[in-house]
Each structure stands twice: as structure tokens, then as C-alpha cells.
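Overview (structure and organization)
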Amino acid sequence: MAAASASTAAAPTAPHGAAEAALSLRHKGVLGLLALVALMAWLVALVLAYRASMEQDFDRLDRTRQAGLHAAELAQAQAMALSEIGSQLGGVQAGDFDVEAVERVLQRLEMQLGHVEADGLGLAADRVALEQAHRDWLQQRDRVSLLALRARLEGGVANLREQTRAREAIAAAQVSRVHERGRAVAVLLSGSALLGTLLVGLVLVLFFARLSADLARLRSRALAVVAGDRQAVRSISRGDELGELGQAIDSMVAALASSEHGLEIERRHRFHAEKMASIGALAAGVLHEIGNPIAAIDGLAHAMRDERDAGTLRFDNALCDPELVLRETARLRDITRRIAGLAAPPSREEMLLNLNELVTNALLLARFDPRIQGVPIDAQLDPQLPAVLGVGDLLLQLMLNLLVNAADATRAQSERQPLILVKTSHKGELVTVTVADNGAGMRADTLARALDPSCDAPCGGQGAGLGLPMCVHIAQQHSGRLRIESTPGAGTTATLSLPQTTA
């Protein structure tokens, strides 16, 4: 049952330069987005580069295809020329050749050779040789020239076949290169995407893992603050908005510690003021109580003096009985001892207490309080009551306050004979003290105002509870609870529950 921490030290804060250099959560989110954009840009750049390379390969393949078509047309033209020359050599007499037919096939052949040469198949020498043989044929149209022309055509056919095989090998290599490049780009794209995803995922996992851990620490810190922890410790060490939240919580804890320290001082002042008010209220009753034994002692002393003066003083006289004087002085000592105990400086040390004895002392002191005098009190004390650990001075003041409230409530009604019931009991691990009255009772709103620490008594008027917030605080200081139940017109029951001592 320790009081709240009185530490007023400010919560530690991060260095100003470190806070400025750190990135906020928004900036970290922007950096994460930029990383994703950079990854996508890299992948897009790879795709575009592969597309450009593929377009070049397809252009080469298309040119190869066009060259193949031209080569096929050239082969067809060569075949037609050879066929025509063969028919001329075998079907006509010497010097009677169909020059126009030969010219037609040769012109077509030369045209196809020009197309093939433009495709870069390397048949320029064949074209030159064919043109020379053609010129020879035109100059001397005999069988020898025609045979030479046919031989030249047959050589061109052989060269065309070699060039065709070379072209087909080149086309196959190009196709293979396209496939290999496609596989390489696919592997590169997949690897880049996988590596980028892993890196971004790893960064996100680490970021959110730390974020989750810091949020858990903040939650634990907040729950500890709710439970009463006021230690000036640093919640988390970050430079973003979450770090600012942690600094705000630390500052709040420091402010709460300072405020609670001030509240504790204020409670002690109020406790002392109420205690002094109780002593002042007891003064009148004490004067009455002390007056009776003083009057008895004074009467005995006067009687003894009169008998002495008359010469008739005898010690066997009933008026000279010293027991009468001792009994009255004992009453005075008891009254002064109890008043001195109430007026003594309050002790804040916990000790084992017998609640029955504490309740008995409160009832004896209540006899001197004019606010309670005249109200019958029925005490039902459990003789097997376990001991509790607490501060006796605080619990005694709590009991006096409850008795004063009960007596005040009974005077607020005139329908019944006033009565206060004080009962102690124990059940399980709890020891309870019940103070019940048959007074006027309180409505729910009146009881709520009476328990409001910001509302000074008497908030609810007569019988509305004097110092109830302080009584509730004393019960909480002892790890206990003060429960107040009230029914208008029937009365109020206050039950103090405290944990029994296990030691």
C-alpha cells in the first residue's frame, strides 16, 4: 500500500539533432514506394531492351526469309533458263536458235540475280560471269556460245545451292540465338523480380516487426501507467511519429507523477484538516466527560477538608475511600490517552492491525463527539477476525468519518428511532467492516456527487457523506475497497473490504 510515486523528473527525450535527422513514417512509406517504383522501372527497362533486341532479330529473320524467297525465284529462273537452253541445243539446227526465247529467260535470270545480290548472298561474281557469257552469245550465236552459257548457268546453280545452305545455317543460328536470348531475358526478369521482391519484402518485414514491437512496448507502458507505474523511463527510441507518441507518453507520465505528488500532499493536508475538525468536535464532549470526574474529585476533597476542619476526619469513613479518587482519575487518564492518540502526528508505517480493536477505539472516541452522541450504536464484532496490514491512524479516521456520516444521516429523518450498526466479519481472503444506518438515504445522483473528489463536502446536503472521497482513497491505499449502497428513505450501508494478512 505504497503511495503513488512522487517523482517529478521529466521523461527522457531524444536528442534534438537525432529527431531532425530521423525519417518520419510518411517519409519511410515514400521511400518504400520509391523502391517499388525503381524495381518496376528496372523490370520495364529489361522488357523494353528485350523487345528492341527481339525486333532486331525479327528484322534479320525477315530479311533472311525475303532472301530465301528471292533465292527460290532465282533457282526457278535458273531451271527455266537451263530448260530453254537445253531445248534449243537439242531441238534446232545449228545457227537456227530462238534468240528471243533465250533472251527472255536470260533477262529474267539477270533480274533475279540483281534481287539476290541486293539481299547480300554474295552472287555478284555469278552475275558478272553470266553477263559476260550473255554478251558472248549475242556476239556469236552458235552452239559453242550456247554451251558456254549453259555451263555458266550450271555453275551458278551450284553456287546458289551453296549460298542457300549457308543462308539456312545462318537462319538456324539466328533462331537459336533468339531462343537463347529469350531464355536469358526470362531468367534475368524472373531473378530480378524475385530478388527485388525478396529485398523489399525483407525490408518491410523488418520495418513492421520493429513497428509491432514498439507498439507492443507502448501498449505495455500504457497499461503500466494505468496500473500506477510512474517511473521516468524512456518508452521507445525512434525518431518518427511513433517516437513522438512515446515521448508524449513519457511526458504525460512525468506530468501525472508530479500531479499525483501534489494530490498526495493535498490529501494529507485535507486528512490533517479533517482530523483537526474531529478533535475540535470532540473537545466539547471531552469537557463534559472530564467535568464529571473532576466534580466527583472536587466533592470528595471538600468533604474531606470539612471533616478535617471539624476534627471528625476518619479514614474508615466512606467519603475517605481512595478507590473513588483512583477510579475517577483513571477515567481522566483514559480520556486524555485516547485524545492524545488521536491528536498525535500521523504515522505512515504499516503494521499488523486488529480491526476489532480499531473499531472499539473509534466507538469510544465517538462517545465524545457531539455529532454522534445520542445515536445508539450496535456493535457486532467477529471474535475470530484475522489481522490486516495497514496504517492505524488512517483507518481510525476512516471509521470516525463513516460513523459521523451515519449519525448525520439518521438525524435527517424523524420517522424511526436512529440506529447505527457496526459489524466486522471475514470471508475468504477479505476482512470487512460494515457501518449501516437507518437514516434518510441518498439518491444515486447525490451519492455520485458525494463520491466525486472534486466536490467538497457536503455536496449533497445533510447526510450526503462527509469526506467520502478521502475514505475511498484510504481504502484503495490499503489495497481494499469501500462500497457504499444507499436507498432513499431506508438508509445507507458502507462496507470496507481489506485483504487479510497471510504472513
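Here the residue numbers are simple positions, counted from 1 along each chain's written sequence. For a predicted model such as this one, the threshold for reporting local features is a pLDDT of at least 70, and the threshold for listing and counting side-chain atom pairs is 80 or more; totals across whole chains, interfaces and linings nevertheless cover every residue. Just so you know, side-chain values use all the structure's heavy atoms and leave hydrogens and water out.

1. So, the overall build of the protein
A run of H or I in DSSP counts as a helix once it spans at least four residues, and a run of E counts as a strand once it spans at least two, with each numbered from the N terminus. From N to C terminus, the protein includes 11 helices and 7 strands. Whether two residues touch is decided by their heavy atoms; if any such pair falls within 4.5 Å, the residues are in contact. A separation threshold of at least 6 residues defines the contact pool for the protein, and within that pool the share at least 24 residues apart is 75%. Using the Shrake-Rupley algorithm and a 1.4 Å probe, accessible areas are obtained, with residue cover drawn only from the displayed protein chains. Accessible surface computed for the protein: about 27900 Å², of which carbon and sulfur atoms make up 60%.

2. Describing the pattern of salt bridges
In a structure, side chains of opposite charge can pair up when their charged atoms sit close to one another. A pair is scored as a salt bridge if a Lys or Arg side-chain nitrogen falls within 4 Å of a carboxyl oxygen belonging to Asp or Glu. Scanning the model with the defined rule gives 9 salt bridges in all. Between R51 and E55 there is a salt bridge, with its nearest N and O atoms 3.2 Å apart. Here the residue R51 and the residue E55 both occupy positions in helix α2 (residues 25-91), the gap between them amounting to 4 residues, near one helical turn. Any residue under 20% of the maximum accessible area for its type is buried, any over 50% is exposed, and the rest in between are partly exposed; the area is computed with a 1.4 Å probe on protein chains only. Judged by relative accessible area, which is 39%, E55 ranks as partly exposed. Residues D214 and R217 are paired through a salt bridge, measuring 2.0 Å at the closest nitrogen-oxygen approach. With a gap of 3 residues between them, D214 and R217 both fall in helix α5 (residues 143-227), about one helical turn apart. Assessed through its relative accessible area of 2%, D214 is described here as buried. Judged by its relative accessible area of 43%, R217 is partly exposed.

3. Some words on helix α11 (residues 468-477)
With 8 of its 10 residues buried, α11 lies for the most part within the structure. Positive phi appears at S479, one or two residues downstream of α11, with a value of about 60 degrees.

4. A look at the sheet that holds strand β7 (residues 491-499)
Pairs of strands are assigned from DSSP output, requiring at least two bridges between the strands. The strand order across the open sheet formed by 5 strands is β2-β4-β5-β7-β6, and the pairing between neighbours is mixed. Of all strands in the sheet, those bounded by a partner on one side alone are β2 (377-380) and β6 (481-487). The average undirected angle you get between the axes of adjacent strands in this sheet is 15 degrees. Where strand β4 (residues 420-427) lies against strand β5 (residues 430-437), 8 bridges are found, and the strand directions are antiparallel. Counterpart to V422 in the pairing with β5 is V435. Fitting a line to C-alpha atoms yields each axis, with helices limited to the stretch in contact; the angle taken between N-to-C directions then spans 0 to 180 degrees. Most of the contacts of helix α9 (residues 392-411) go to β5, to which it runs at about 25 degrees, and overall it touches β4, β5, β6 and β7.

5. With respect to the packing of aromatic side chains
The geometry of an aromatic ring pair is captured by two quantities: the separation of the ring centres and the angle between the planes. Here a pair means two rings of Phe, Tyr or Trp (six-membered ring of Trp) with centres within 6.5 Å. Their orientation is stacked below 30 degrees between planes, edge-to-face above 60, and tilted elsewhere. Scanning the entire structure with this criterion turns up 1 aromatic pair. Look at F207 and F208: their rings are 5.2 Å apart centre to centre, the planes differ by 75 degrees, and that puts the pair in the edge-to-face class. Among the residues examined, F207 registers a relative accessible area of 25% and is labelled partly exposed.

6. With respect to the environment of G156
Looking at the element boundaries, G156 is found in helix α5. Residues G156 and Q78, spaced 78 residues apart in sequence, show a C-alpha to C-alpha distance of 8.1 Å.

7. Some remarks on helix α8 (residues 355-366)
For α8, built from 12 residues, the straight-helix expectation of 16 Å at 1.5 Å per residue is met to within 8% by its first-to-last C-alpha distance of 16 Å. Listing the buried residues of α8 in full gives L355, N356, L358, V359, A362, L363, L365 and A366. The length a helix should cover is 1.5 Å for every residue beyond the first.

8. Concerning a nonpolar patch on the surface
In this analysis, a patch consists of residues with relative accessible area above 30% that form no salt bridge, clustered at 9 Å for like charges and at 5 Å for the nonpolar side chains Val, Leu, Ile, Met, Phe, Trp and Tyr. Taken together, the side chains of L23, V30, L31 and L34 define a hydrophobic patch exposed on the protein surface, amounting to about 330 Å² of accessible area. Structurally, L31 can be placed in helix α2. The exposure class of L31 is partly exposed, given its relative accessible area of 45%.

9. Here's the deal with the pairing of β7
Here is the key point about a regular strand: its side chains alternate between the two faces of the sheet. Of all 9 residues making up β7, 7 are buried, and the element is well covered by its neighbours. Looking at chain direction, β6 and β7 are connected through 7 bridges and run antiparallel. What sits directly across from T487, in β7, is G491.

10. Comments concerning the side chain of N438
Relative to the helices and strands, N438 is located in the loop between β5 and α10 (444-450). When neighbours within four sequence positions are excluded, N438 is seen to be in contact with T410, Q413, R416, Q417, P418, L419, A490 and G491.

11. Structural notes on the environment of L138
As for its placement among the helices and strands, L138 is situated in helix α4 (residues 124-139). Separated by 35 residues in the primary sequence, L138 and E103 have C-alpha atoms spaced 9.2 Å apart.

12. Some words on the packing of α8 against α9
Look at α8 against α9: their axes get within 9 Å of each other, and the N-to-C directions meet at 50 degrees. Of the possible angle classes, the one that applies to α8 and α9 is oblique. Considering the relative orientation of α8 and α9, their crossing is right-handed. Across the interface between the two elements, L355, L358, V359, N361, A362, L363, L365 and A366 of α8 pack against G392, L395, L396, M399, L400 and L403 of α9. These descriptions rest on fixed angle ranges, namely under 35 degrees for roughly parallel, over 145 for roughly antiparallel, 65 to 115 for roughly perpendicular, and the rest for oblique. Crossing handedness is defined as follows: a turn of the near helix away from the far one that is anticlockwise and smaller than a right angle gives a left-handed crossing, while the clockwise case is right-handed.

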